[in-house]
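Each chain, written out:
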Amino acid sequence: MPDFYGTMVFIHVVSAMLSIGPLFILMPIIKRLRGVGRDIEGAYLSVINVIIRLVMHAGHVLVISGIILLLVGPWPWYTSWVVMTVIVMGVSAVFLATGFTRVLRVFNSPGTSKRKMLNRLNKTSWIYIGLMLIMLWLMVLKPNFW
Ligand code: HEM
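Thresholds, definitions, all that
- Residues numbered from 1 in each chain as written.
- Predicted model: local features only at pLDDT ≥ 70, side-chain atom pairs only at ≥ 80, totals over all residues.
- Helix = DSSP H or I, 4+ residues; strand = E, 2+ residues; numbered from the N terminus.
- Buried ≥ 20, exposed ≤ 12 C-beta atoms within 10 Å, placed from the backbone.
- Near = placed C-beta within 6 Å.
- Core = buried A, V, L, I, M, F, W, Y, C linked by C-beta atoms within 7 Å.
- Contact = placed C-beta atoms within 7 Å.

K.L.:
How would you explain the environment of V50 if you had to name every residue and give the values?
P.N.:
Turning to its location among the elements, V50 is positioned in helix α3 (residues 38-72). Residues V50 and V72, 22 residues apart in the sequence, show an inter-C-alpha distance of 33 Å.

Here it is, written out as structure tokens:
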């Protein structure tokens with residue numbers, strides 16, 4: 001019978017997977033979006049919407065399961081790799097909220113440069129992936145900074 005802590009680590013790791021993985025599908029979609037007309041554009045944008053929603057939900061499960069792991073597990077909250085992860089997490093939450101959702105909202109409004117928006121979406125996605133990989137590194141290697 002798996003213990004509660006082990007189950008939580010599993011949920012935590014699955015949600016980490018779902019928080020990062022879908023973003024890699026975003027890149028080829030952004031590439032294809034550049035050359036299509038308005039009608040097909042809508043279909044691609046709805047896929048981007050689903051991806052961003054999925055990543056957001058998984059991100060919430062990731063934070064909540066992480067907090068539960070801290071509450072029931074052996075690691076105190078002030079452990080250096082935990083503190084560093086929480087700080088990076090705060091930065092990436094801001095990125096996801098302002099970067100992604102704003103791009104989607106602005107995309108359909110008149111007068112917006114499509115190319116500019118796609119460049120921004122692409123850049124935001126890479127920065128987000130970078131931040132997630134830093135957190136993954138912190139979580140798996142658990143380095144001691146102090
Ligand atoms: C609020 C943020 C977070 C908190 C409080 C948190 C907390 C924790 C804790 C306490 C563990 C258990 C370590 C163990 O017993 O071995 C853990 C494991 C893990 N976390 Fe997080 N976490 C957070 C965010 C993240 C993020 C953003 C990612 C990925 C990008 C992530 C990926 C992982 C992975 C892969 C493990 C398993 C590592 C291992 O077992 O060696 N976590 N986390």
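K.L.:
Which residues make up the environment of V83, and what values go with them?
P.N.:
Structurally, the position occupied by V83 is in helix α4 (residues 80-107). Judged by the 14 C-beta atoms lying within 10 Å of it, V83 is partly exposed.

K.L.:
Residue-level account of the site of the ligand, with values.
P.N.:
As a matter of local geometry, the ligand sits amid 21 residues, with A16, G66, L69, M135 and M139 nearest to it. Taken together, the elements giving at least two residues each to the shell around the ligand come down to α1 (4-20), α3, α4 and α5 (114-141). Per element, the largest residue contribution to the shell around the ligand is six residues, and it comes from α3.

K.L.:
Lay out the nonpolar core with the relevant residues and their values.
P.N.:
Counting residues in hydrophobic clusters, the biggest one holds 15 residues, and the most contacted among them are I20, L23, I52 and M132. At the level of secondary structure, the elements contributing two or more residues to this core comprise α1, α2 (23-33), α3, α4 and α5. Residues contacting L23, with those up to four places away along its chain left out, are V55, S125, Y128 and I129.

In short, geometric facts, not functional conclusions.
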